Amino acid sequence: MRETREFTIADIQEQLAVIYGLRPEDFASIDIKKESSGVILENAELHLKPEISIKLFGHQVSFEFTVEGRITKTTQSQITNLSRNDFYDDGDIRGESLADYDRTTGRWKMQPNILKIQKP
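Note on numbering: residues in each chain are counted from 1, in written sequence order. Side-chain atom pairs in this predicted model are given and counted only at pLDDT of 80 or more, local residue features only at pLDDT of at least 70, and totals for whole chains, interfaces and linings cover all residues. As a convention, hydrogens and water are excluded, and side-chain values are obtained from all of the structure's heavy atoms.

Thoughts on the packing of aromatic side chains
Now for step 1: For this analysis, a ring pair means two rings from Phe, Tyr or Trp (six-membered ring only for Trp) whose centres lie within 6.5 Å, classed as stacked if their planes differ by under 30 degrees, edge-to-face if by over 60, and tilted for the remaining angles. Scanning all chains against the criterion turns up eight aromatic pairs.
Now for step 2: With 5.3 Å between their ring centres and 80° between their planes, Y20 and F57 make a pair best called edge-to-face. Of this pair, Y20 sits in helix α1 (residues 9-20) while F57 sits in helix α2 (residues 50-57), and the two are 37 residues apart along the sequence. When sorted by exposure, Y20 lands in the same class as F57, which is buried.
Now for step 3: One aromatic cluster is present, formed by F7, F65, Y101 and W108 through successive ring pairs. Segments assigned H or I by DSSP are reported as helices when at least four residues long, segments assigned E as strands when at least two residues long, and all are numbered from the N terminus. Classification of residues uses two cut-offs on accessible area relative to the type maximum, computed with a 1.4 Å probe and protein chains only: under 20% is buried, over 50% is exposed, and between them is partly exposed.

As structure tokens, this is what we get:
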């Protein structure tokens, strides 16, 4: 039996509010990159407004939500991750995992040291 939690953009924004205090109106755009046939969100990128991004991080930032399923003959698993993408002025791009969704507890498990906003 496969347990699946369907996430919405509002769910993702709620978790970003927990991590960084961001509000839905802080985002300039949201790109839905992949939805399953049942219209279940599998990959989305949320772009912060440039002025908020510069104020908080010192450079442009977006957040990516990804659900990856793995199905074998004996196992069905799903990894749900929330990450931050940092776009630096010199063209460098770095990604950092923020949290993984733990299906057994129904909670997000945050990576260590991500609660602080890191300015260059």
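Here we look at the pairing of strand β2 (residues 41-48)
Now for step 1: Across the eight residues of β2, eight count as buried, placing the element largely inside the fold.
Now for step 2: With seven bridges connecting them, strand β1 (residues 27-35) and β2 associate as antiparallel partners. For F27, the partnering residue across the bridge sits in β2 and is L48. DSSP-based pairing: two strands are paired if at least 2 bridges between them are found.

Regarding the pattern of salt bridges
Now for step 1: Criterion for a salt bridge: a side-chain nitrogen of Lys or Arg within 4 Å of a carboxyl oxygen of Asp or Glu. Overall, the coordinates contain eight salt bridges when judged by the stated rule.
Now for step 2: For D86, the salt bridge identified is with R84, shortest N-O distance 3.0 Å. Like D86, the residue R84 is buried in the burial classification.
Now for step 3: Salt bridges linked by common partners bring R23, E25 and D26 together as one network.

What to know about the side chain of E45
Now for step 1: By the element assignment, E45 lies in strand β2.
Now for step 2: Any pair of nitrogen or oxygen atoms within 3.5 Å is treated as a polar contact; in protein, a donor-acceptor pairing is required on top of that, and neighbouring residues in sequence qualify only through side-chain atoms on both sides. For E45, the side chain forms a polar contact with the side chain of K33, separated by 3.0 Å.
Now for step 3: Those residues in contact with E45 that lie beyond four places of it in its chain are S29, I30, D31, K33, S62, F63, E64, N85 and F87. Residues count as neighbours in contact if any of their non-hydrogen atoms are within 4.5 Å of one another.

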